[in-house]
Amino acid sequence: MTPEEKEERLAELREIRRRERWGAFLKPFITLASIVISISLLMYMIKSCRERNPQGPGPRLPIQRIPEVPAPPK
């Protein structure tokens, strides 16, 4: 190997190692973020289903009724 080829090869290896280090650093954050997002979406869906169909135990919101408008006098 010539010295130029050796320097190019070392630069490639450094680049590969740098990418691997960043991957190892970011992977736990990406995994944790995806878990937190999926749990929050699941909790939101459960909450919205309970609000629409209040059959089970848990906090219930009062149903808003539209007031009836009296008929005009004849």
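Undergrad: I keep staring at the overall build of the protein and nothing clicks. Help me out?
TA: Helix and strand counts for the protein stand at one helix and zero strands. Classification of the 74 residues of the protein by burial places 1% in the buried group. Of the roughly 7800 Å² that the protein leaves accessible, carbon and sulfur atoms contribute 64%.

Undergrad: Even after reading the chapter, I still don't get the packing of aromatic side chains, so can you show me in this structure?
TA: Aromatic rings in a pair are described by how distant their centres are and how their planes are angled relative to each other. Under the definition given, this model contains two aromatic pairs. Relative to F25, the ring of W22 lies with its centre 5.8 Å away and its plane at 85 degrees, an arrangement referred to as edge-to-face. A residue pair is termed a helical-turn pair when its members lie 3 or 4 positions apart in one helix, as W22 and F25 do in helix α1 (residues 3-52) at three residues. Since its relative accessible area comes to 45%, F25 is described here as partly exposed. Both rings, one in F25 and one in F29, keep their centres 5.5 Å apart while their planes meet at 65 degrees; by these two values the pair is edge-to-face.

Undergrad: What should I look at first to understand the pattern of salt bridges in this one?
TA: Pairs may arise between side chains of opposite charge once their charged atoms sit close together. By the definition in use, this model includes three salt bridges. Ionic pairing is found between E15 and R18, a salt bridge with its closest N-O pair at 2.5 Å. Separated by three residues within a single helix, E15 and R18 lie in helix α1, roughly one turn from each other. For E15, a relative accessible area of 29% puts it in the partly exposed group. The class for R18 is partly exposed, based on a relative accessible area of 36%. Where R19 meets E15, a salt bridge forms, and the shortest distance between an N and an O atom there is 3.7 Å. Taken as a pair, R19 and E15 lie in helix α1 at a separation of four residues, close to a single helical turn.

The rules we used
- Residues numbered from 1 in each chain as written.
- Predicted model: local features only at pLDDT ≥ 70, side-chain atom pairs only at ≥ 80, totals over all residues.
- Heavy atoms only, no water.
- Helix = DSSP H or I, 4+ residues; strand = E, 2+ residues; numbered from the N terminus.
- Buried < 20%, exposed > 50% of the residue type's maximum accessible area, 1.4 Å probe, protein only.
- Areas by Shrake-Rupley, 256 points an atom, 1.4 Å probe, with all protein chains shown as cover.
- Phe/Tyr/Trp six-rings, centres within 6.5 Å; stacked < 30°, edge-to-face > 60°.
- Salt bridge = Lys/Arg side-chain N within 4 Å of Asp/Glu carboxyl O.

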